[in-house]
Amino acid sequence: GHEMTSIGLLLGVSSAKLGTMDMSITRLLSIHIPALLPPTSTELDVPHNVQVAAVIGIGLVYQGTGHRHNAEVLLSEIGRPPGPEMEYCTDRESYSLAAGLALGMVCLGHGSNLIGMTDLNVPEQLYQYMVGGHRRAQAGANRERHKSPSYQIKEGDTINVDVTCPGATLALAMIYLKTNNRSIADWLKPPDTWFLLDFIKPEFLLLRTLARCIIMWDEILPNTEWVKSNIPQIMRGNFDPSEDINMDTMAQAQDYITAGACLALGLRFAGSANSDAFDCLYEFARTFMKMMSFAGTAAVGAMGYYNLQTCLSMILLAMSMVMAGTGNLKVLQLCRFFHKRTGGEMNYGFHMAHHMALGLLFLGGGRYTLSSSNSAIAALLCALYPHFPAHSTDNRYHLQALRHLAVLAAEPRLLVPVDVDSLKPCYALLEVTYKATKWYNQTTVELMAPTLLPELHLLKQVKVKGPRYWELTLDLSKETQHLKSILIRDGVLYVKLRAGQLPYKDDPQGWKSLLATTANHRNSGVTAFRPEAISTFTSEPALISFAEFFCKTSEGLKC
């Protein structure tokens, strides 16, 4: 209980001080991270999971600052050999991953512009952690601390890639996030020979694919061709029968690469409800479900089932990121379908994944959705890390508490029109204009509010359309602050019904407005129609002046 409280507290205060470099919080976190204490100080006996949380805390408090000292310490912590106490050997993966995620946060999106860090060779060192090789001389404060010979017997001089690869891969992904840096992205390509492919865990292929795609952000396209383009050439087409290819290994590699690309697609279109992205992911989900039903019959075995279910869970999470806050029925049906499956293979972690998908789908009760800002992507990478726990106390590969960081990616984008006279929510037609980008020209779409708006930085203006309500234009090309403040306050936008119009709820087609009914009475002679009356039925200036001019009786016109 006490340990959980510490983890919650450290992550909570760090999230509250996101990117502030706050000194008092830094001191609080440092007490829990041996590597950040001065060499002379006495080490406190901090529980392992609390250390992991504190390391992520440093990432949050220093997010995007490119702070050199912390970057240096975190870089060496990714590959820290197990301490002299040797108790680290059980959960080292989660610590190494946390150091990588934290380093990625500190240098978030900086790419090759890491000021004053060239001598640390950050990308090269991360590459080495990813592919293996010999350990470099340990930099930083903990040089002295680990001179004890006990650990060298275990690992000697080589880097244990199984431990360091995930953190290093995601650190590269976050440092080069959206930079479209091709040379770094090429480091993350899957190997192009069967021989080398055999050496990489399929799970690492998923991470590499995800990392490569979010670095090459602008190349992500919401279609199946793009997803499949991530599968290396050697896995497509015909196989030379002389080559000894394990078809199971190959299918598994393809599945994990596909899942990684789908996850990247989910991040790229997070919170957009983009129908192309959704359709594409839905198609892959269906494909994987078909494979699962075959898996039940064929002798795929438990491992094959586990792999398919892992990929399927990641695709489901990608779909719920795209449709976040919309409560989309198709995604809900999938969540429900998996929720009901409780076979032996369907372990705790899979249920966690499917329930997280459900949570994203109804984010904030439909008032919130996801942002795709760098900060949001970093939070989602921590929260949706694609290795789920085997049981409720399993923190070996990833600290479960980090799953909660998804809230840092949420933002209120629900716009609710409220009738200013009745103070009741109502429907109103919006005209939303997107700024031009390299993918599409300036585009205007109609949305019926209440609705979740697209991310504001994509928009030029939002306008309440007539004829029922007085027109109202929010120009976003100059500043978005006004609209942001509306969205934060429950998204209430006051609208005023024009005279004689009924709300959409009572009159969906617009046939019941008072003007329409009066003018269409068969028996009413023209004389019964009093021109003054028209202004109480309509606010259309053209109609009012028309009435003034043509519907006056003749004695009113003194020539």
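- The protein chain goes by Anaphase-promoting complex subunit 1 in an unreviewed UniProt entry, where it is assigned to Characodon lateralis.
- UniProt lists a comment for the protein chain under the heading Sequence similarities (unreviewed entry), and it reads "Belongs to the APC1 family."

**Some thoughts on the nonpolar core**
Part 1: If you look at the biggest cluster of nonpolar residues, it comprises 144 residues, and the most contacted ones within it are L103, L126 and I214.
Part 2: Counting residues per element, this core draws most heavily on helix 15 (residues 301-322), which supplies twelve residues.
Part 3: In contact with L103, not counting residues within four places along its chain, are A71, L74, L75, I78, V122, L126, A171 and I175.
Part 4: With 22 residues, the next largest nonpolar core counts L429, L430, V432 and Y504 among its residues.

**Description of the confidence of the model for the protein chain**
Part 1: Mean pLDDT for the protein chain: 87, with 82% of residues reaching 70 or above.
Part 2: Residue range residues 137-155 is modelled with pLDDT below 50. Its contacts to residues more than four positions away, or to other chains, number 35 contacts.
Part 3: Counting contacts from residues 519-528, a segment whose pLDDT is below 50, to residues more than four positions away or on other chains yields one contact.

**A word on the layout of surface pockets**
Part 1: Volume-wise, the largest pocket comes out at about 820 Å³.
Part 2: For the lining of the largest pocket, the secondary structure elements donating two or more residues are helix 14 (275-297), strand 5 (443-449) and strand 6 (451-452).
Part 3: The dominant element in the lining of the largest pocket, judged by the number of residues it contributes, is strand 5, at three residues.
Part 4: In this structure, the second largest pocket occupies an estimated 370 Å³ of space.
Part 5: Lining the second largest pocket are 20 residues, with M4, I7, Q400, A401 and H404 sitting closest to its centre.
Part 6: The set of elements that each furnish at least two residues to the lining of the second largest pocket consists of helix 1 (2-16) and helix 17 (348-361).
Part 7: Of the residues forming the lining of the second largest pocket, the biggest block, six residues, is contributed by helix 1.

**Details of unusual backbone geometry**
Part 1: Cis peptide bonds are those with omega within 30 degrees of zero, and the linkage from A449 to P450 qualifies with 5°.
Part 2: Cis geometry marks the peptide bond from G466 to P467; its omega dihedral reads 5°.
Part 3: Looking at the element boundaries, P467 is found in the loop between strand 7 (459-464) and strand 8 (472-475).
Part 4: Even without being a glycine, N121 presents a positive backbone phi close to 50°.
Part 5: Examined against the element boundaries, N121 turns out to sit in the loop between helix 5 (92-106) and helix 6 (122-131).
Part 6: For N121, a relative accessible area of 31% translates into the label partly exposed.

**Observations regarding the sheet that holds strand 3 (residues 414-419)**
Part 1: Spatially, 6-3-9 is the arrangement adopted by the three strands of the open sheet, whose pairing is mixed. The sheet is open, and its two edges are formed by strand 6 and strand 9 (492-495), each paired on a single side.
Part 2: Each of strand 3 and strand 9 is contacted by helix 19 (residues 481-488), which is oriented at about 80° to strand 3, the strand it contacts most.

**Points about a negative patch on the surface**
Part 1: A cluster of like negative charges, contributed by E225, D276, D279 and E283, occupies part of the molecular surface.
Part 2: With three residues, helix 14 is the single largest residue contributor to the negative patch.
Part 3: Along the polypeptide, E283 turns up in helix 14.
Part 4: On the basis of relative accessibility, which here comes to 46%, the residue E283 falls in the partly exposed class.

Cut-off values and rules
Per chain, the residues get numbers from 1 upward, laid out in the order the sequence is written. The predicted nature of this model means local features are confined to residues of pLDDT at least 70 and side-chain atom pairs, given and counted, to a pLDDT of 80 or more, with totals for whole chains, interfaces and linings taken over all residues. Hydrogen atoms and water are omitted, and side-chain values are computed over all heavy atoms in the structure. UniProt positions are given in the numbering used here, feature names are shortened, and annotations may be inferred rather than shown by experiment. Definition used in this section: a nonpolar core is a set of buried Ala, Val, Leu, Ile, Met, Phe, Trp, Tyr and Cys residues joined via side-chain atoms within 4.5 Å. Partly exposed residues are those whose accessible area sits between 20% and 50% of the maximum for their type, while under 20% is buried and over 50% is exposed, using a 1.4 Å probe and protein chains only. Secondary structure elements are defined from DSSP: runs of H or I of at least 4 residues count as helices, runs of E of at least 2 residues count as strands, and each element is numbered from the N terminus. By the convention used here, residues are in contact when the closest approach between their heavy atoms is within 4.5 Å. For every residue, the pLDDT score states the predictor's confidence, bounded by 0 at the bottom and 100 at the top. Both cavities and pockets are sets of points on a 1 Å grid over the protein atoms alone; in a cavity a 1.4 Å probe fits but cannot get out, in a pocket the set is open with protein on both sides within 12 Å along at least five of seven lines, and lining residues sit with an atom within 4 Å of a point. Grid points are joined across faces, edges and corners, and a volume is the space filled by probe spheres set on the points. One requirement defines pairing of two strands: DSSP has to find at least two bridges between them. With axes taken as lines fitted to C-alpha atoms, and helix axes fitted only over the stretch in contact, angles between N-to-C directions fall between 0 and 180 degrees. Residues enter a patch when their relative accessible area is above 30% and they make no salt bridge; the linking distance is 9 Å between like charges and 5 Å between nonpolar side chains (Val, Leu, Ile, Met, Phe, Trp, Tyr). Note that accessible areas follow from Shrake-Rupley with a 1.4 Å probe, and for residues the cover is restricted to the protein chains shown. Any Lys or Arg side-chain nitrogen found within 4 Å of a carboxyl oxygen on Asp or Glu counts as a salt bridge. In this charge count, Lys and Arg are treated as positive and Asp and Glu as negative; neither His nor the chain ends contribute. All charge positions are set by atom: Lys at NZ, Arg at CZ, Asp at CG, Glu at CD.

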